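Results of the structural survey
Here is what each chain is made of, one letter per residue.
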Amino acid sequence: FKLIKDRFGQPKRTTRREVMDRYHFVFVRDRVGRLADAQEFEGLVLKRRTFPEPLLAELTETAGGALRVDGDRVLVTHCYTERRLTPLDVFVRTRPVDAAAAAIVDYGQAIRDLAVAGIFAGDLLLKNFGVSRHGRVIFYDYDELADLQQCRFLALPDEDEYGGGEPTMVGDHDVFPEEFVRFTIPAGPLRDAFLGRHRELLDPEWWVATQRRLAAGELVETLPYAEGRRLGV
């Protein structure tokens, strides 16, 4: 069950309405099997005793616009439900190295699949992705989801560009792919596995080329199953 917060802390600059708009964006787009399907509910009535009191206090404080307590009932005015997934950051910490590396490789494939469907996940932290019981990596946090064509993929400025002049201004839709791995995957076997298959995701030109392909009307095939499960021709 997912309730949207009333307000978002830094560094996020989104609003409750904008998050709801992103959920609608997901509902009407091709999810290529990489976005968690959500069901929207309004007016749910649940028993108060099903909520631990600390959880209820936190929900009331942070998402009071989406629920209220009425005696022994909790009235949920608006929420989304999604399938249960194992958060990817938890998965890679608790599984053997081979399984964790395979999940990280599929994480990169999920980013690719979304990109060729015209979607940029935005916040690529591992905690925003989950692993299904079939081992498929799926994105489920839509706070910063964006239309790929709205993004501007850039190379990191050289140090010389900072030399004493005006600071470089970063726009809301500016993305620096070279930083992806630095903030998402720890150094070691998992990062090596990712870079062995998906190094080009760190190249701004790959993203710009993908934008050009989509703008030209190209339909890029994505398959919802592993290569080893495909039927021979």
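Provided above is the structure to which this section pertains.
First things first, this report covers the structure right here in the doc.

What counts as what
Residues numbered from 1 in each chain as written. Predicted model: local features only at pLDDT ≥ 70, side-chain atom pairs only at ≥ 80, totals over all residues. Heavy atoms only, no water. Pairing = 2+ DSSP bridges. Helix = DSSP H or I, 4+ residues; strand = E, 2+ residues; numbered from the N terminus. Axes fitted to C-alpha atoms, helices over the stretch in contact; angles between N-to-C directions. Contact = heavy atoms within 4.5 Å. Core = buried A, V, L, I, M, F, W, Y, C linked by side-chain atoms within 4.5 Å. Buried < 20%, exposed > 50% of the residue type's maximum accessible area, 1.4 Å probe, protein only. Phe/Tyr/Trp six-rings, centres within 6.5 Å; stacked < 30°, edge-to-face > 60°. Salt bridge = Lys/Arg side-chain N within 4 Å of Asp/Glu carboxyl O. Expected span 1.5 Å × (residues − 1). Polar contact = N/O pair within 3.5 Å; in protein donor to acceptor, adjacent residues only side chain to side chain.

Some points on the sheet that holds strand 3 (residues 67-70)
Read across the sheet, 3 strands follow the order 2-4-3 without closing on themselves; strand pairing throughout is antiparallel. The open sheet has two edge strands with one neighbour each: strand 2 (44-47) and strand 3. Neighbour to neighbour, the strand axes of the sheet diverge by 25° on average, direction disregarded. Pairing of strand 2 with strand 4 (residues 73-76) involves 4 bridges; the strand directions are antiparallel. Paired with L44 across the bridge in strand 4 is V76. Helix 2 (residues 53-62) contacts strand 3 and strand 4 of the sheet and is inclined by roughly 130° relative to strand 3.

A word on the nonpolar core
One finds L88, Y107, F120, F129, F194 and W207 to be the most contacted residues of the largest nonpolar core, which totals 54 residues. With 9 residues, the top contributor of residues to this core is helix 4 (residues 97-116). Here Y107 is in contact with L88, L124, L126, F129, V137, T184, I185 and F194, once residues within four sequence places are set aside. Within the second largest apolar cluster, 7 residues are counted, among which are F51, L67, V74 and V76.

Quick word on the packing of aromatic side chains
In total, this model carries 13 aromatic pairs according to the counting rule given. Judged by centre distance (4.9 Å) and plane angle (85°), the ring pair of Y107 and F129 falls under edge-to-face. Of the two residues, Y107 is situated in helix 4 and F129 in strand 8 (residues 129-131); the sequence distance between them amounts to 22 residues. In this structure Y107 comes out as buried when scored by relative accessible area, which is 1%. When its relative accessible area of 0% is taken as the criterion, F129 is described as buried. Taken together, a centroid distance of 6.0 Å and an interplanar angle of 90° make the contact between F180 and W207 edge-to-face.

Details of the pattern of salt bridges
Overall, the coordinates contain 12 salt bridges when judged by the stated rule. The closest approach of N and O atoms between R48 and E53, which form a salt bridge, is 3.3 Å. Residue E53 is classed as partly exposed on the basis of its relative accessible area, which comes to 44%. Across the pair R182 and E179 runs a salt bridge whose closest N-O atoms are separated by 3.9 Å. Given a relative accessible area of 59%, R182 falls into the exposed group. Within this structure, R34, D106 and D113 form a network of salt bridges that share partners.

Description of the side chain of N128
Looking at the secondary structure, you find N128 in the loop between strand 7 (119-120) and strand 8. Leave out the neighbours within four places in its chain, and N128 touches D123, I138, F139, Y140 and D141.

Some points on the sheet that holds strand 8
Note: strands within a sheet are paired through backbone hydrogen bonds, in either parallel or antiparallel orientation. One open sheet accounts for 3 strands, arranged 6-8-9; its pairing is antiparallel. The open sheet terminates on both sides in strands that have one partner only, identified here as strand 6 (86-87) and strand 9 (137-139). Helix 4 contacts strand 8 and strand 9 of the sheet and is inclined by roughly 45° relative to strand 9.

Remarks on helix 1 (residues 16-28)
In an α-helix there are 3.6 residues to a turn, and that puts residues three or four apart on one side. The terminal C-alpha atoms of helix 1 lie 19 Å apart, and with 13 residues this matches the ideal 18 Å at 1.5 Å per residue to within 8%. Buried residues of helix 1: V19, M20, Y23, F25 and V26, and no others. In this fold, the buried residues of helix 1 make contact with strand 1 (38-41), strand 5 (79-82), strand 7 and strand 10 (146-147).

Some points on the environment of T77
Among the secondary structure elements, T77 is positioned in the loop between strand 4 and strand 5. Residue T77 is classed as partly exposed on the basis of its relative accessible area of 37%. Ignoring any residue separated from it by four or fewer positions in sequence, one finds T77 in contact with F41, E42, G43, G65, A66 and L67. A polar contact is formed between the side chain of T77 and the backbone oxygen of G65, at a distance of 3.3 Å.

Notes on the environment of F139
As for its position among the elements, F139 is in strand 9. We classify F139 as buried; its relative accessible area is 0%. Put simply, F139 and P87 are 52 residues apart on the chain and 9.6 Å apart in space, counted from C-alpha to C-alpha. Sequence-distant contacts of F139, defined by excluding residues within four places in its chain, comprise R34, L35, A36, L114, A121, D123, N128, F129 and L145.

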